[in-house]
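This is what each chain is made of:
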Amino acid sequence: MEFLFISLCLLAATTSTVNSCPPSDRAALLDFKATLKEPYLGLLNSWTGTDCCVNWYGVSCDSTTGRVADISLRGESEDPIFARAGRTGFMSGSLSPSVCKLDSLSTLVVADWKGISGEIPSCVSSLQNLRIIDVIGNQISGELPADIGQLSRLTVLNAADNLISGPIPASIVNLQSLMHLDLSNNRISGEIPTDIGKLTMMSRALLSRNQLTGSIPSSIANIYRLADLDLSMNGISGAIPCELGEMPTLSTLKLDSNQISGEIPASLLSNAGLSIVNLSRNHLEGYIPDVFGPNSYFTALDLSYNNLKGSIPKSVSAAKYFGHVDLSHNHLCGSIPASSAFDHLEASSFTNNDCLCGMPLRTC
């Protein structure tokens, strides 16, 4: 009986040890906290005590190993603490490299705090269990870690709305598990990697409002799961690869406000899956492809501010639906086809062309 009692005590002690926060993880979290300042809500004041797996705000641990698995700190959240305070969060400081000591970390979210600056620690590339990096909505600068492609399990990389500069790391094409990429609204320059098509699991690629140059890699068409592609407001040039029109799941394509030239690929407007297409404010020329039909369903089609010529294709009359349409500021001519799909459109959709006429413009 005494032996059984001792055994049970040892088992309880072992279980307690396994399921509690290791001192090394606790020390790493406290070092991480030391470089952050959150003055209004006191969220990080909860990071006290010996067990960082219990009641440390935004921290969760693996139930089996007791290691820190997730840091999830969002400055814009539905957490009642924000509602009670009547404000969104604000945090300043920087991301300490001590986070890289948490070698079981799966989620790193430090998002929408508006004031966090400095760089993303390059050592995060060593966190082989990392699945999510989300640092949107801060003032993070510097370049993305060059070796970020080592994170073979990474599914989400969201660094939008920051001050990140430099190129897209060449190694990014090695993120074979990546599903969501959002680097929009930064200062990223250089060209899109030509072999970005290796990211075959990706469903969203959002790179708008940067300083990207070069052409659109045709390999993007190999990303067969891609639903949303946004390259707008960059300095991208060259022609639109016709392969983009053959992508089976692409539903949103935004290439507006670039320096793209050449003609609109017919495959792009005949793709029945594409519902939002914005090619405005480029240098496109030639004719609008006459490829519309009963399966054409456009929530938004914007071809404005280009050098398109000729007439509006008569096949638009066969289209199933047009929501927002803007063909203004081109060199189009001729009569606007009578179509129930066009009935709701106003004159602003067609103004500033060479000689368009018909409803809702002047009579031909």
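Residues numbered from 1 in each chain as written. Predicted model: local features only at pLDDT ≥ 70, side-chain atom pairs only at ≥ 80, totals over all residues. Heavy atoms only, no water.

1. Focus on the environment of S218
Logical step 1: Relative to the elements of secondary structure, S218 occurs in the loop between strand 13 (211-213) and strand 14 (228-230).
Logical step 2: On the basis of relative accessible area, S218 is assigned to the partly exposed category, the value being 41%.
Logical step 3: Those residues in contact with S218 that lie beyond four places of it in its chain are P241 and E243. (Helix = DSSP H or I, 4+ residues; strand = E, 2+ residues; numbered from the N terminus. Buried < 20%, exposed > 50% of the residue type's maximum accessible area, 1.4 Å probe, protein only. Contact = heavy atoms within 4.5 Å.)

2. Structural notes on unusual backbone geometry
Logical step 1: Here the amide bond leading from M359 into P360 is cis, since omega sits at 5°, within 30 degrees of zero.
Logical step 2: For P360, the position within the fold is in the segment after strand 24 (355-357).
Logical step 3: We note that R209 has phi near 55°; this positive angle belongs to a residue other than glycine.
Logical step 4: A relative accessible area of 38% places R209 in the partly exposed class.
Logical step 5: Its identity is not glycine, yet R281 carries a phi of approximately 55°, on the positive side.
Logical step 6: On the secondary structure map, R281 appears in the loop between strand 18 (276-278) and strand 19 (283-287).
Logical step 7: On the accessibility criterion, R281 (44% relative accessible area) is partly exposed.

3. Comments concerning the pairing of strand 3 (residues 68-74)
Logical step 1: The sheet contact formed by strand 2 (residues 59-61) and strand 3 spans 3 bridges and is antiparallel. When the bridges of strand 3 are listed, S60 appears paired with D70.
Logical step 2: Taking the residues that link successive antiparallel strands as the turn, the strand 2-strand 3 hairpin has 6 residues, and the phi of G66 there is positive, at about 80°.
Logical step 3: Judged from the 5 bridges that link them, strand 3 and strand 5 (residues 107-111) form a sheet pairing that is parallel. (Pairing = 2+ DSSP bridges.)

4. Observations concerning the sheet that holds strand 15 (residues 237-238)
Logical step 1: In spatial order, the strands read 15-17-19-21-23-24; together these 6 strands make up an open sheet with parallel pairing. Looking along the sheet, the strands with just one partner apiece sit at the ends: strand 15 and strand 24.
Logical step 2: Pairing geometry for strand 19 and strand 21 (residues 307-310), over 3 bridges, is parallel. Opposite G286, over in strand 21, you have L308 as the bridge partner.

5. Some points on the state of the cysteines
Logical step 1: Tallying each qualifying case throughout the model produces 5 disulfides.
Logical step 2: Here C21 is linked by a disulfide to C52, with a sulfur-sulfur distance of 1.9 Å. Looking down the S-S bond of the C21 and C52 bridge, the torsion is 85°, so its handedness is right-handed. Of the two residues, C21 is situated in the loop between helix 1 (2-19) and helix 2 (23-34) and C52 in the loop between strand 1 (36-37) and strand 2; the sequence distance between them amounts to 31 residues. The pair C21 / C52 is uniform in exposure class, with both members buried.
Logical step 3: Two residues, C333 and C355, share a disulfide whose sulfurs are 1.3 Å apart. (Disulfide = S-S within 2.5 Å.)

6. Let's talk about the pattern of salt bridges
Logical step 1: Throughout the structure, instances matching the rule amount to 6 salt bridges.
Logical step 2: In this structure, the salt-bridge partner of D134 is R74, at a minimum N-O distance of 3.2 Å. With a gap of 60 residues between them, D134 in strand 7 (residues 132-134) and R74 in strand 3 connect regions that are remote in the sequence.
Logical step 3: Residue classification places D134 among the buried residues on the basis of a relative accessible area of 7%.
Logical step 4: Classification of R74 by relative accessible area gives partly exposed; the value is 32%. (Salt bridge = Lys/Arg side-chain N within 4 Å of Asp/Glu carboxyl O.)

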